[in-house]
Each structure stands twice: as structure tokens, then as C-alpha cells.
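This is what each chain is made of:
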Amino acid sequence: MIGNFQDQLYSFLRSLFGSSGLENETEKHEAHYFIHPESKEENVKAPSISDEATLKLSVIVPAFNEAQRLSPMLDECLQYLENRCSKVEEFSYEVLIVSDGSTDDTAEVALQYSRKFGINKVRLLLCKENRGKGAVVKDGMMCSWKVFAFADADGATKFSDIEKLEESMKDFADKASMVVVVGSRAHLEKESIAQRSVFRTFLMFGFHFMVWFFAVRGVRDTQCGFKLFTREAARLLFPNLHVKRWAFDVELLYLAQYFQIPISEVAVKWTEIEGSKIVPFWSWLQMGQDLFLIWFKYQIGIWQIKSEPLNK
């Protein structure tokens, strides 16, 4: 009994002052290497977010045990991007799949697409251990080029809707170099409530309240896995990101509001795809803890915000 209490106390203290789900601000990010699709060796040095941009769009796809759901998402995504390349001469892209310690064939599926489309268009960044969605999205962003998007591996959002996000971003082109555009499912809320149990609806509204109370106001859907960032915004926000788990979206938007970066919310098409890694009660409980810690650690100065974009 005493031992269990001590373990719980130790776990709580670790969550306050550094844990597997919350990254220490002094943690350094070393150079990354992509997996070569033929040799399967980790020998292709990745670029840095501070390098000169040579591509128009970088798409980050975080993936943990997504061997079954990744292919349909990549088929739709790459078909759209290839069609766009054929129509717009100056358009170029890369899709960066970040395998988050996957134990299934996620990496092999990614390499199949890298072989088919070439390593300059489809790349695999392999994380040996499962670190969390926030951590691998950050890793992917730190290895990317110009306009940055991340999209969930489940393909729940129709990828062609990225045009809606880009159009919204253009509305700010003359006003700000730093812009964040978030895909939103808020327009589907009434329908989703009708299909959910009372308990899950209660958890959903509880989470929304905690987001509003501790971190972000004015954004109805912080958790949709479809977001777009200008290069300047990404270079400022992602080096400041600490949360490694599901609540990393909230911290990104918290930081964007801190820096007064415009945030645009755009309705996107979304479909529920089976195989979600979120366990309704425990995942939301974990996210609730992270929301409190985002507020707490910034308020008392455990986390410091770097106000200059990453240049090196």
C-alpha cells in the first residue's frame, strides 16, 4: 500500500518536473537520418527547418502501428499531390512519414511508397522507441522545408481539403508572415453528439472546458489532425514545443496565441476511421493532466519560451 502510494507520488512529481510525456526544455534535437528505401539503412541525412527552403510543401505523417490504415491515406494524399505537380509546374512536395516506435509493418509500408515515388518525395524517419505523437510531429517538422502541414495516418480528413487551408492562409499573406491554419470538425459536433454515449459526450465537453480554461480560447477544435503552418511560424513554434503526447496541439495553439500569431479555423471533411489509438477515458484523463501542466509550467517559469525563430 505504502509502496503504491510512493510510486504514484513519484509519477506525479515526474510529470511536474519532467516525464516521458513532457519534454524537458533543455533537451537537444540532434540531426536525423532518413531510411534509404533500397538498403533500408539510416544513411540519408535529413534537412533542417533552418536550411534554405527548396520545396513548396512538406507533409508530416505521424504513424504508430498504422500498417493497416497508412496505405489508403497515402494513396489519396499522393494522388492529389502528383496531380497538382502535373498541373502546377512550380509546385513541389515531400511526404515525411515518422514511425513512432511501430512494432508492425508501418515502416515497410512507408518504404514501399518511398521506392515507388522516390526518396525525394516520400521519406521515412524511424524512431526506435514510442515517444508520442507530439514528439514525432516535432521531429518531422524540424526536418522539413517551407510550408508545413501535418496529417493523421488514418486518413480521416480528406487530403484535398488542404486547398481550403491554403486559401485561408493566403488571406493573411499581406498581413503576417506567421500564420497557423487548423482543420476543424466543429461543424460536425451536433451529429457526433447524437451518436455518442452520454458519458463520452460529458468527457468531450469536459475536455473542451479544460482547453478553454487552461490554454486556448477562440479555437473550437484544437485536436483535428490536419494543420498548416507557414515556415516562419513553424520555426518559432516547434522548437518551443514540450508536450509529447496527444495534447501537443493545444500547446502549439497556446504558443501561437502567446506570440499573437493569427490562427484560422477551417471546416474540413472528416470520417471516423476504425483503429484509433485513443482510449476514451484514459487518453482524455492523460490529456487533462497535460493541459494543467501546460498552464502550470509556463505560469511558474519551469518552461521558458524562446522568442527567436530557430536559425541554426
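Residues numbered from 1 in each chain as written. Predicted model: local features only at pLDDT ≥ 70, side-chain atom pairs only at ≥ 80, totals over all residues. Heavy atoms only, no water.

Here's the deal with the overall build of the protein chain
Looking only at helices and strands, the protein chain features 10 helices and nine strands. Taking all 312 residues of the protein chain together, 49% fall into the buried category. (Helix = DSSP H or I, 4+ residues; strand = E, 2+ residues; numbered from the N terminus. Buried < 20%, exposed > 50% of the residue type's maximum accessible area, 1.4 Å probe, protein only.)

Comments concerning the side chain of Lys 227
Within the secondary structure, Lys 227 is located in strand β8 (residues 226-229). A relative accessible area of 1% places Lys 227 in the buried class. A polar atom in the side chain of Lys 227 sits 2.9 Å from the backbone oxygen of Thr 222. At 2.9 Å, the side chain of Lys 227 and the side chain of Asp 249 are in polar contact. The residues contacting Lys 227, other than those within four sequence positions of it, are Phe 148, Ala 149, Phe 150, Leu 165, Val 181, Val 182, Thr 222 and Asp 249. (Polar contact = N/O pair within 3.5 Å; in protein donor to acceptor, adjacent residues only side chain to side chain. Contact = heavy atoms within 4.5 Å.)

Focus on unusual backbone geometry
Of note in this structure, Asn 65 is not a glycine but carries a positive phi near 50°. Along the chain, the position of Asn 65 falls in the loop between β3 (57-63) and α2 (67-87). For Gln 260, which is not a glycine, the phi torsion comes out positive at approximately 60°. Among the structural elements, Gln 260 can be located in the loop between α9 (248-258) and β9 (263-267). Take Gln 260: its relative accessible area is 71%, and that puts it in the exposed class.

Some details on the nonpolar core
Nonpolar side chains in soluble globular proteins tend to be buried together. Counting residues in each nonpolar core, the largest one holds 47 residues, and the members touching the most others are Val 180, Phe 229, Leu 237 and Phe 238. Counting residues per element, this core draws most heavily on α9, at seven residues. Not counting the four nearest positions on each side in its chain, Phe 238 is found in contact with Val 137, Lys 138, Met 141, Met 142, Phe 229 and Leu 252. Residues Leu 74, Ile 97, Val 122 and Leu 165 belong to the second largest nonpolar core, which totals 39 residues. (Core = buried A, V, L, I, M, F, W, Y, C linked by side-chain atoms within 4.5 Å.)

Section: α9
In terms of burial, α9 is largely enclosed, as nine of its 11 residues are buried. Residues of α9 that are buried: Phe 248, Asp 249, Val 250, Glu 251, Leu 252, Leu 253, Tyr 254, Leu 255 and Ala 256. Backbone geometry just downstream of α9 places Gln 260 in the positive-phi region, at approximately 60°.

A short note on the packing of aromatic side chains
The geometry of an aromatic ring pair is captured by the separation of the ring centres together with the interplanar angle, meaning the angle of the planes. On inspection of all chains with the given rule, the structure shows 17 aromatic pairs. Plain terms: the ring middles of Tyr 113 and Phe 117 are 6.5 Å apart, the flat faces sit at 5° to each other, and that makes the pair stacked. Within this pair, Tyr 113 and its partner Phe 117 are both found in helix α3 (residues 106-117), separated by four residues, close to a single helical turn. According to the relative accessible area criterion, Tyr 113 is buried, its value standing at 9%. Here Phe 209 and Phe 213 contribute two aromatic rings whose centre-to-centre distance is 5.7 Å and whose plane-to-plane angle is 25°, an arrangement assigned as stacked. (Phe/Tyr/Trp six-rings, centres within 6.5 Å; stacked < 30°, edge-to-face > 60°.)

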